[in-house]
Amino acid sequence: MDLLRFITAGSVDDGKSTLIGRLLYDSKNILIDQLEALEKSTKNKENGEVDLALLTDGLRAEREQGITIDVAYRYFSTPKRKFIIADAPGHVQYTRNMITGASNANLIIILIDARQGVVEQTRRHSIIASLLKIPHVVVAINKMDLVEYSQDVFNNIVIDYRQVATQLGLTDVTYIPISALDGDNIVDRSTKITWYSGQPLLEFLEEVKIDNDINLTDGRFQVQFVIRPQTDELHDYRGYAGKVISGIYKGGDKVKVLPQDIETTIAGVEVAGKPANEIFAPQSAVIRLTDDIDISRGDSIVKIENIPKVSNELEVLLCWLDDKPLISGNKYLLQHNSRQVRAVLKNVEYKLDVNSLQRQPVDGNVKLNEVVKATIRTASPLVYDGYETLSENGSAILIDETSNSTVAAVLIKQ
Amino acid sequence: MSEYHLNYLEQLESESIHIFREVAAQFEKPALLFSGGKDSITMVHLARKAFAPGKIPFPLVHIDTGHNFPEALEFRDWLVEKVGAILIVRKVEDTIRQRSLTEPKGKFPSRNWLQTYTLLDTIEEFRFDCCIGGARRDEEKARAKERIFSVRDEFGQWNPKLQRPELWNIYNGRIHKGENVRVFPISNWTELDIWNYIRHENIDLPSIYFAHERKVIEHEGQLVAISEFVQPAANDVVLTKKVRYRTVGDMTCTAAVESKAATLEDVINEIIATRISERGETRIDDKVTEAAMEDRKKNGYF
């Protein structure tokens, strides 16, 4: 059994909460007391039906305002897979939350209201999916019950969305006609949408291949923590703990420590205190080296066959996530996995319109939810790959040193 | 499937270990909040793995309500000894006395809420800048929205509207003086994941997690053990039942479930078969108001 993380994106009223409620409900992941609480809170409503959307409503503040404030995580599993849903709100102003939820996702479900077709929000969500390189896209065309299960309506939306997908370079896109409210094509095949021969949504989620999404070729490892027990029996032990970002490592491998630029050999690899033959992404592991080198948190141990870039001048796409605007020339902290360096934002070249992907001149400061192309200079060099080729080693955040807030998502260009 | 493949438990384990290491590296004085329940026991197991062959580089902190199951305390001391960790115990009883707080009354006098005072005092006493907690996002609505690194202000309060975006696997634990961070390494685990992992790793648990005979009374459909803290009223019928616990909290606010499960295998099978969620089944205090947890979290609760 493996693990699939996905995010659901849709505009307000596209039925996103109903869809998630339906997935949880139909896959029998809602338990009796949760159902009871649900029925209790539905009682005051007029039609008396259980409102699945309420299952995913979280905080009282949200219920009072009838909105979703933040990304919520939901869990369910079937005999085939465990699923983690990042449930991101659809409001325009919450692009920030969608980026948060999408950054770890293997897959995105983009909901389209069959009556509305492809709208501005659809484009925005798709652009974020393409910027963040989410490997798999499902376009769930919802509310088919309200368009009499029409194949023409479905086909026209598919034609429209294909244009978006082509423009954005989304290659793995699957289209499913559903009615979340009635459960059509969610868990069971719809008896009303007879012209659709593909898989229902859950079956697709269970079977979509995600193994190849992990890069096992390029050896990348960043040191998180140095383990030095300094006990009598482990007097000289020095283990570099971290997560294998990509690739495979084993004892005897020739590696390079960056940015120090020192070549050495792996003495041994360990997982949870036990020697292992090999370690691979995304394992948390320990590497021991044959030579005594001064290595600390944030340094990289990479395989010599294929070396990442080492530079203190970065071309980046920035998604601005803070209420305070970005001010060109300001200093920030840049955190790349576990490495924190001081950084200065040098040059904001252009703004990317997240509705059209058009480049626009930047007038004034960069505001919340805007995406810009910029140059960053760091105080000491960063060891990275381009986000497009190896996202796990090409992503970073910016931290405002005065507020300590995470103010930007950084996608490093090649 | 390739040999370079992690199943879901291995993926969850790897993620949790990564989080533990971030905590150890980013904070000066972290502590692991240890309740004695299966989630904290699993966390200790994960923390050992994260720093092996070294020792866990932070103390375990037990906020003791004084309403514990004796089996849980015994187990706690045994575990601390086994892993060679440092244990810090601070008692709610002492806080009540020092701060002249009012003890909750009633038949099930839960000190659950008062724990917050002791916790905040303990954080101040030791100047902890990070407290590692065993909360899971599947437990409860408010928790579903909390970050893995959750910043609390100097009053320990959580502000759901002002959470830092948490992207990729990059954790920003920077704080101002007086603030602290609650970190939840097992956020993405469900109850069943925990049980499956316990079975897979052969993790020892206190005996009360398995079926045993106990004198109980029935309260609104839930079974509550008779103890020095909970005495039957005149109209209560005291029954002897075979029960186990799904969660281990205070004797005053943790209900037992009828069970014949003597082994981990049995427990897991019962959990798969059961259709009542963990908190609903075993927490007497959560039913009070729907927003109970949201309120407690905002006030600095775990």
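Higher on the page you've got the structure.
Fair warning: this is a prediction, and the values are worked out from it, not measured in the lab. (Residues numbered from 1 in each chain as written. Chains lettered and ligands numbered in written order. Predicted model: local features only at pLDDT ≥ 70, side-chain atom pairs only at ≥ 80, totals over all residues. Heavy atoms only, no water.)

Another aspect to go through is the overall build of chain A. Looking only at helices and strands, chain A has seven helices and 22 strands in total. For chain A, the share of sequence-separated contacts (at least 6 apart) that also reach a separation of at least 24 residues comes to 70%. Of the roughly 17,000 Å² of accessible surface on chain A, a fraction of 44% belongs to carbon and sulfur atoms. (Helix = DSSP H or I, 4+ residues; strand = E, 2+ residues; numbered from the N terminus. Contact = heavy atoms within 4.5 Å. Areas by Shrake-Rupley, 256 points an atom, 1.4 Å probe, with all protein chains shown as cover.)

What follows deals with unusual backbone geometry. Residues and elements named next belong to chain A. At the junction of leucine 258 and proline 259, the peptide bond is cis and its omega measures out at 5 degrees in the coordinates. Secondary-structure assignment places proline 259 in the loop between strand 10 (254-258) and strand 11 (262-271). That bond from alanine 281 to proline 282 is cis: its omega, 0 degrees, falls within 30 degrees of zero. Inspection of the secondary structure puts proline 282 in the loop between strand 13 (278-280) and strand 14 (284-289). Non-glycine residue glutamine 230 carries a positive phi angle of around 50 degrees. Here glutamine 230 shows up in the loop between strand 7 (220-227) and strand 8 (239-246). In the Ramachandran plot, aspartate 261 falls in the positive-phi region, its phi being about 65 degrees despite a non-glycine side chain. Here aspartate 261 lies in the loop between strand 10 and strand 11. When its relative accessible area of 47% is taken as the criterion, aspartate 261 is described as partly exposed. (Buried < 20%, exposed > 50% of the residue type's maximum accessible area, 1.4 Å probe, protein only.)

Okay, the packing of helix 1 (residues 8-26) of chain B against helix 2 (residues 38-51) of chain B next. To characterise two packed helices, one gives the angle between the axes of the helices and the distance between these axes. Residues and elements named next belong to chain B. Axis separation between helix 1 and helix 2 bottoms out at 9 Å; the angle between their running directions is 70 degrees. One element, helix 1, and the other, helix 2, form an angle in the roughly perpendicular class. Residues Glu13, Ser16, Ile17, Phe20, Arg21 and Ala24 of helix 1 touch helix 2, and the partners they reach there are Met43, Leu46, Ala47, Lys49, Ala50 and Phe51. Of the residues in the contact of helix 1 with helix 2, the class split is eight nonpolar, one polar and three charged. (Axes fitted to C-alpha atoms, helices over the stretch in contact; angles between N-to-C directions. Parallel < 35°, antiparallel > 145°, perpendicular 65-115°, else oblique. Nonpolar A, V, L, I, M, F, W, Y, C, P; charged D, E, K, R; others polar.)

Okay, the pattern of salt bridges next. If the charged atoms of two oppositely charged side chains come close together, the side chains can form a pair. Per the stated rule, a full pass over the model turns up 40 salt bridges over all chains. Linking Arg124(A) and Glu120(A) is a salt bridge whose minimum nitrogen-to-oxygen distance equals 3.9 Å. Of this pair, Arg124(A) and Glu120(A) are both found in helix 5 (residues 120-131), four residues apart, which corresponds to roughly one turn of the helix. For Arg124(A), a relative accessible area of 9% gives the class buried. A salt bridge links Glu201(B) to Lys49(B), with the shortest nitrogen-to-oxygen separation between them at 2.7 Å. With Glu201(B) in helix 6 (residues 191-201) and Lys49(B) in helix 2, this residue pair connects regions lying 152 residues apart in the sequence. The pair formed by Glu201(B) and Lys49(B) is uniform in burial state, with each residue classed as buried. Linked by salt bridges that have partners in common, Lys38(B), Asp39(B), Arg136(B) and Asp138(B) make up one network. (Salt bridge = Lys/Arg side-chain N within 4 Å of Asp/Glu carboxyl O.)

With that settled, consider the pairing of strand 1 (residues 30-33) of chain B. All names here are of chain B. Alternating positions in strand 1 separate into two faces, Pro30 and Leu32 on one and Ala31 and Leu33 on the other, with burial throughout. Bridging between strand 1 and strand 4 (residues 130-132) involves three bridges; their strand directions are parallel. The residue bridging proline 30 from the neighbouring strand is cysteine 130, located in strand 4. Pairing between strand 1 and strand 2 (residues 60-64): two bridges, direction parallel. Counterpart to leucine 32 in the pairing with strand 2 is leucine 60. Handedness of the strand 1-helix 2-strand 2 crossover: right-handed. (Pairing = 2+ DSSP bridges. Right-handed = clockwise from strand over helix to strand, strands pointing away.)

The subject of this paragraph is the side chain of Lys303(A). Residue and element names in this part refer to chain A. Mapped onto the fold, lysine 303 is located in strand 15 (residues 300-303). Separated by 3.4 Å, the side chains of lysine 303 and aspartate 253 make a polar contact. Every residue in contact with lysine 303, bar those within four places of it in the chain, is listed here: Gly219, Ile248, Tyr249, Asp253, Lys254 and Val255. (Polar contact = N/O pair within 3.5 Å; in protein donor to acceptor, adjacent residues only side chain to side chain.)

According to the stated counting rule, one finds 18 aromatic pairs over all chains in the structure shown. Within the aromatic cluster, the residues linked to one another by ring pairs are Phe225(A), Phe20(B), Phe51(B) and Phe58(B). One residue, Lys303(A), lies across the ring of Tyr249(A), its end atom 5.3 Å from the ring centre. Of note, Arg137(B) hangs over the ring of Tyr73(A), and the distance from its end group to the ring centre comes to 4.0 Å. (Phe/Tyr/Trp six-rings, centres within 6.5 Å; stacked < 30°, edge-to-face > 60°. Lys NZ or Arg CZ within 6 Å of the ring centre and 35° of its normal.)

All names here are of chain B. Within the structure shown, the criterion is met by zero disulfides over all chains. Not engaged in a disulfide, the cysteine cysteine 130 finds its nearest cysteine sulfur in cysteine 131; these two sulfurs lie 6.5 Å apart. Exposure remark for cysteine 130: the relative accessible area of 0% places this residue in the buried category. (Disulfide = S-S within 2.5 Å.)

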